[in-house]
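Observations on chain architecture
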Amino acid sequence: MCGIVGYIGNKEAQNFLLEGLSKLEYRGYDSAGLAIYNGEAISVQKTKGRLADLANKISSNVMKGSIGIGHTRWATHGKPSDENSHPHLDGTEQFAVVHNGIIENYMDLKEELIEKGHVFLSETDTEVIAKLMADLYDGDLVSTVRKVAKRLSGAFALGILSKHEPNKLVAVRMASPLVIGVGEEENFIASDIPAILKHTRDVYILEDGEMAVITEGNVELSTLDGAEVNREVMRVSWDIETAEKGGYDHFMMKEIYEQPKAIRDTLAGRIRNNQVDLSQEIGLTVEQLKGIEKIQFVACGTAYHAGLVGKYVLEGLARIPVETDIASEYRYRNPIVDEKTLVVVVSQSGETADTLAALREAKSKGARVLAITNVVGSSVAREADDVLITWAGPEIAVASTKAYTSQLIVVYLLGAYLAKARGLLSEETMTELVTNLQQLPEQAEKVLAQEQTVEAYARSIAKHHNLFFLGRGLDYAVALEGSLKLKELSYIHSEAYAAGELKHGTLALIEEGIPVIALGTQKAVLDKMISNIQEVKARGAYVLGFAPEGDNELKKSVDEVIYIPVTHDLLAPVLTVIPLQLISYYACQERGYDVDKPRNLAKSVTVE
Ligand code: M6R
């Protein structure tokens, strides 16, 4: 996720901007840049790479001036490069803009601006904002910003500097975070509190649809419609480490809570007129989509579990045979692949060595490769034929959470898109799926609200050495993910079983008091699932059941229940996994282990 900083005051802006950006490094970035008004013009320096590269560049050409904006970019539209780095300028260099978020209608705006003669230098969505500022400039910076904001759809936090009114900075927030720091004879803008904490603890947190006009001695808040906003300054008591984690104790918890937003962002721009539309991202023609004879999901760990869900979803919706492979096994099993095979590699980091090797194997055998990844410009993204980005933002905790749910969202979108292209999805089913998809962020929030119940359960099972997860169909796929999460965080041994398979051997392990988590969200197999629960209950298991809200059956067979909001069966995994993530988190905490950095594990596994 990009980082924004801004400074206006009586000191050299460059110092704060570089230092502030360094405090946002934990958000992840691939390039950085500053724009500072030097008394005559806006000077810009930016580069692909680390902040140290930018500081190096600047050291030979110091940037003078006491008003400026800075940015660390985490590539979304366009690869990491000097040109795509922020800040972006309009053609006459009157306006400089830094942006965090995604402008969904940037293609339309870009076309319109090109027709009017604006020349674009980057592949970014952000550059349209700088060009729009120049295009709509009416002699007043603030009113122009309001006009520009009205033309944008999507998520945007903006820092804007103008040569026309160099005594002010404008900050705008729409669905991407932004705070204003209030100092003495200096004020600040930042994406996140750690950037300003060394200078001030007094902040305004902007709300969606609000803007701030900041001068050296004043901060004025208003809505984008022009209404005044009166808000008390908030005094931050967090230390810098807590601030980086957004007030949470760990990155993992922050990322668990970011899931409603990650789902929203991953859906954004991909549903038009109630239809899933991936045509701007996938180069395959309808004829090619119709010609796919087989799909292979290939991935590791959590991403592999997303691929397992993919099998159910794509076979269910698009009626194409799907295999899901562990990447490290794939190329050694001599897979049957040809040009009619679509290989879907799934990777949060886009750098996992096994996944990359599998991608190359598939390509060498003639398959078309589609990547689902969270990192624009990653190796997997560069080498695949088509890419669908999961807009989860950087995931820092080793245990994957928001990346997984975002991967599921992309899988659903892909399933609906393929099914539609192949003439297998009725308008009615498409509408049902789209409606249910759009409800997921709010439903995820509802699930998160059950945190306390989940915590109590997790702490109670933390003393056990073994645990079982049971599920049927998609619940089995989620059970595997829940079990992986529990193992990697709490080091409790657990196994996930297809509930019907238990009696073929593993039932022998069920004994008095053993915790069993039984997922019963799949309505079509609920009765069978209840029978399986009774099998373990009869042997003394203590069962936590997951049931759809309104359930009156499953709850009779279990010791405790977690309720999952009602959705389309295919979409349930997005909601079911959240309490499982929380159980792992709290079991880990109860056992006193490191939540964000489990032993023996790395965030990105770049060796085979
Ligand atoms: O970056 P990737 O998605 O390719 O990583 C794959 C796995 O290493 C990863 O999902 C791992 O299983 C998770 N950290 C588990 O939480």
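The present account deals with the structure reproduced in this document. Treat the numbers as computed from the prediction; the structure is a model and nothing was measured.

Consider a sheet: its strands pair through backbone hydrogen bonds, and that pairing is either parallel or antiparallel. Read across the sheet, six strands follow the order β5-β6-β7-β8-β12-β13 without closing on themselves; strand pairing throughout is antiparallel. Edge strands, defined here as strands with exactly one partner in the open sheet, are β5 (88-89) and β13 (219-223). In this structure, strand β12 (residues 210-214) lies alongside β13, joined through five bridges in antiparallel fashion. In the sheet register, I214 faces β13, and the bridge partner there is V219. Each of β5, β6 (95-103) and β7 (154-162) touches helix α4 (residues 127-136); the most contacted strand, β6, lies at about 135 degrees to it.

With that settled, consider the site of the ligand. By nearness alone, 13 residues border the ligand, and S347, Q348, S349, T352 and E488 come closest of all. Within the side chain of S347, an N or O atom sits 2.6 Å from an oxygen atom of the ligand. Contact distances for the ligand include 2.6 Å between an oxygen atom and a backbone N or O atom of Q348. For the ligand, whose unbound accessible area comes to 410 Å², protein coverage reaches 90%. For the shell around the ligand, the elements supplying multiple residues, two or more each, are α10 (301-318) and α17 (474-490). Taken together, the residues of the shell around the ligand sort by class into four nonpolar, seven polar and two charged.

Our focus in this paragraph is the environment of F297. Looking at where F297 falls in the secondary structure, it is placed in strand β17 (residues 294-299). Since its relative accessible area comes to 1%, F297 is described here as buried. Here the alpha-carbon distance between F297 and L448, two residues 151 residues apart in the chain, equals 29 Å. Sequence-distant contacts of F297, that is, excluding residues within four places in its chain, are made with G307, G310, K311, L314, V322, E323, T324, D325, V344, V346 and V411.

What follows is about unusual backbone geometry. With an omega of -5 degrees, the peptide bond running from H86 to P87 counts as cis. Structurally, the position occupied by P87 is in the loop between β4 (67-73) and β5. Unusually for a residue other than glycine, Y491 sits at a positive phi of about 60 degrees. Relative to the assigned elements, Y491 resides in the loop between α17 and β23 (493-498).

Here is what the cut-offs are and how they apply
- All residue numbers here refer to positions counted from 1 along the written sequence of the relevant chain.
- Given that this is a predicted model, residues contribute local features only at a pLDDT of at least 70 and side-chain atom pairs are listed and counted only at 80 or more, while totals for whole chains, interfaces and linings are drawn from all residues.
- Neither water nor hydrogens contribute to the side-chain values; these are computed over all heavy atoms in the structure.
- In this scheme, strands are said to pair when DSSP sees at least two bridges between them.
- By definition, any uninterrupted DSSP run of H or I lasting at least four residues is a helix, any uninterrupted run of E lasting at least two residues is a strand, and each is numbered from the N terminus.
- Any two residues whose heavy atoms approach within 4.5 Å are treated as being in contact.
- A fitted line through C-alpha atoms represents every axis, and for helices the fit uses only the stretch in contact; the resulting angles, taken between N-to-C directions, go from 0 to 180 degrees.
- In these notes, residues near a molecule or strand are those with any non-hydrogen atom within 4 Å of it.
- Side-chain atoms alone can form a polar contact between residues adjacent in sequence; in general such a contact is a pair of N or O atoms within 3.5 Å, and within protein one must be able to donate a hydrogen while the other accepts it.
- Each accessible area value is a Shrake-Rupley result obtained with a 1.4 Å probe; residue values ignore everything except the protein chains displayed when judging cover.
- Note on residue classes: Ala, Val, Leu, Ile, Met, Phe, Trp, Tyr, Cys and Pro are nonpolar, Asp, Glu, Lys and Arg are charged, and everything else, Gly too, is polar.
- Partly exposed describes any residue whose relative accessible area lies between the buried limit of under 20% and the exposed limit of over 50%, with all areas from a 1.4 Å probe on protein chains only and scaled to the type maximum.

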